[in-house]
Amino acid sequence: MAAHFKNRSLTGKFEKIQKRNRGNIIKLQEGLQSWKNGNISSEVEENKNENEEFEPATDIVINTRESTAKQEIKENLPQGSRIVDINQLRKGLESCPFCKEGPLSLSNVQQEKLYGLASKLYIQCQFCSQTNVVETSLAHKSGASGPMAYDINTKSVLASLHTGIGETHLNGILSVMNIPTMTRASFKTREREAGKVVEAVAGHT
């Protein structure tokens, strides 16, 4: 019985099964190879499309310490109009107190600090690179103690009282002229100062 089974496997039904299995294996291998080739082709095509669509960025800005400093200087530069005491400004620009060279240039302003209608300009000397502070208004002592008060602030408030307008109207005029406005606190402080002087003068007349 075993010998009969062995013969059938070599020449009969079992041989056909083996041929069919080999054919299936060959087809499976061909299909697998075709699938691999298709995937490789699609990957190559995708990579090609990605390379064609890729555009290198040209507008990337890298912030360094130097570029940040330049940006800060640019933001602090004076803008608009100012009320300036010409004699005071001329005196400040006449020469650098560090190297005695001059005159200083307004093109080298690094920063501006506003004090009401007055300004402090921080100007770099083009000869020694030192920073000079130039004020746009004279200042006077206000009261027994406290900081100096700029003349332009006191005079602007005194003019407002003389013409019958207040802080809102004054700032409206300044805004139209593109001049930095005065805060309410500064206006009230200078108003009290001017009021005392007006009362003192009125008492002597």
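Residues numbered from 1 in each chain as written. Predicted model: local features only at pLDDT ≥ 70, side-chain atom pairs only at ≥ 80, totals over all residues. Heavy atoms only, no water.

A. Just the overall build of the protein, in detail. Across its full length, the protein holds seven helices and five strands. Of the regular secondary structure in the protein, the N- to C-terminal order runs α-α-α-α-β-β-β-β-β-α-α-α. Taking the contacts inside the protein whose residues are at least 6 apart along the sequence as the reference set, 49% of them involve residues at least 24 apart. As presented, the protein carries roughly 15400 Å² of accessible surface, and 55% of it is formed by carbon and sulfur atoms. (Helix = DSSP H or I, 4+ residues; strand = E, 2+ residues; numbered from the N terminus. Contact = heavy atoms within 4.5 Å. Areas by Shrake-Rupley, 256 points an atom, 1.4 Å probe, with all protein chains shown as cover.)

B. Spotlight on the pairing of strand E1 (residues 109–115). Bridge count for E1 against strand E2 (residues 118–124) is six bridges, and the pairing is antiparallel. Within E2, the residue paired with Leu114 across the bridge is Ser119. What sits between E1 and E2 in their antiparallel hairpin is a turn of two residues, with Gly116 showing a positive phi close to 70°. (Pairing = 2+ DSSP bridges.)

C. Quick peek at a nonpolar patch on the surface. Together, Ile173, Val176 and Met177 give the surface a local cluster of nonpolar side chains, amounting to about 320 Å² of exposed area. Tracing the backbone shows Ile173 in helix H6 (residues 167–176). (Patch = residues over 30% accessible without salt bridge, like charges linked within 9 Å, V, L, I, M, F, W, Y side chains within 5 Å. Salt bridge = Lys/Arg side-chain N within 4 Å of Asp/Glu carboxyl O.)

D. Region of interest: the sheet that holds E1. Strands sit in the order E1-E2-E3 across an open sheet of three strands; the sheet is antiparallel. The open sheet has two edge strands with one neighbour each: E1 and strand E3 (131–135). Direction aside, the axes of adjacent strands within the sheet are offset by 20° on average. Most of the contacts of helix H4 (residues 86–93) go to E3, to which it runs at about 165°, and overall it touches E2 and E3. (Axes fitted to C-alpha atoms, helices over the stretch in contact; angles between N-to-C directions.)

E. View of the packing of aromatic side chains. A complete count under the given rule lists one aromatic pair for this structure. Summarising the aromatic geometry, the rings of Tyr115 and Tyr150 are spaced 5.9 Å apart at their centres and angled 40° between planes, so their arrangement reads as tilted. One end of the pair, Tyr115, is in strand E1; the other, Tyr150, is in strand E5 (residues 148–150), with 35 residues separating them in the sequence. Among the residues examined, Tyr150 registers a relative accessible area of 8% and is labelled buried. (Phe/Tyr/Trp six-rings, centres within 6.5 Å; stacked < 30°, edge-to-face > 60°. Buried < 20%, exposed > 50% of the residue type's maximum accessible area, 1.4 Å probe, protein only.)

F. Structural context of the environment of Leu117. Note that Leu117 resides in the loop between E1 and E2. For Leu117, a relative accessible area of 5% gives the class buried. C-alpha separation for the pair Leu117 and Tyr150, spaced 33 residues apart in sequence, amounts to 8.4 Å. When near neighbours in sequence (up to four residues on either side) are disregarded, Leu117 contacts Ile83, Ile152, Asn153, Ser156, Leu174, Ile179, Pro180 and Met182.

G. Focus on the pattern of salt bridges. Scanning all chains against the criterion turns up four salt bridges. For the salt bridge of Arg82 with Glu112, the shortest nitrogen-to-oxygen distance reads 2.7 Å. Here the residue Arg82 occupies a position in the loop between helix H3 (65–75) and H4, and Glu112 occupies one in strand E1, the gap between them amounting to 30 residues. Between Lys188 and Glu191 there is a salt bridge, and its shortest N-O distance comes to 3.4 Å.

H. Broad picture of the side chain of Thr136. By the secondary structure assignment, Thr136 is in the loop between E3 and strand E4 (139–141). Given the relative accessible area of 4%, Thr136 is considered buried. Polar side-chain contacts of Thr136 include one of 2.9 Å to the backbone nitrogen of Ser119. When residues no more than four places from it in sequence are discounted, the contact partners of Thr136 are Ile83, Val84, Asp85, Gln88, Ala118, Ser119 and Leu121. (Polar contact = N/O pair within 3.5 Å; in protein donor to acceptor, adjacent residues only side chain to side chain.)

I. The pairing of E3, seen in detail. Burial of the side chains of E3 is restricted to one face: Asn132 and Val134 are buried, whereas none of Thr131, Val133 and Glu135 on the reverse face is. As defined by bridge partners, E2 adjoins E3 across five bridges and the pair is classed as antiparallel. Opposite Gln124, over in E3, you have Thr131 as the bridge partner. Hairpin connection from E2 to E3: six residues lie between these consecutive antiparallel strands, with Ser129 at a positive phi of about 70°.

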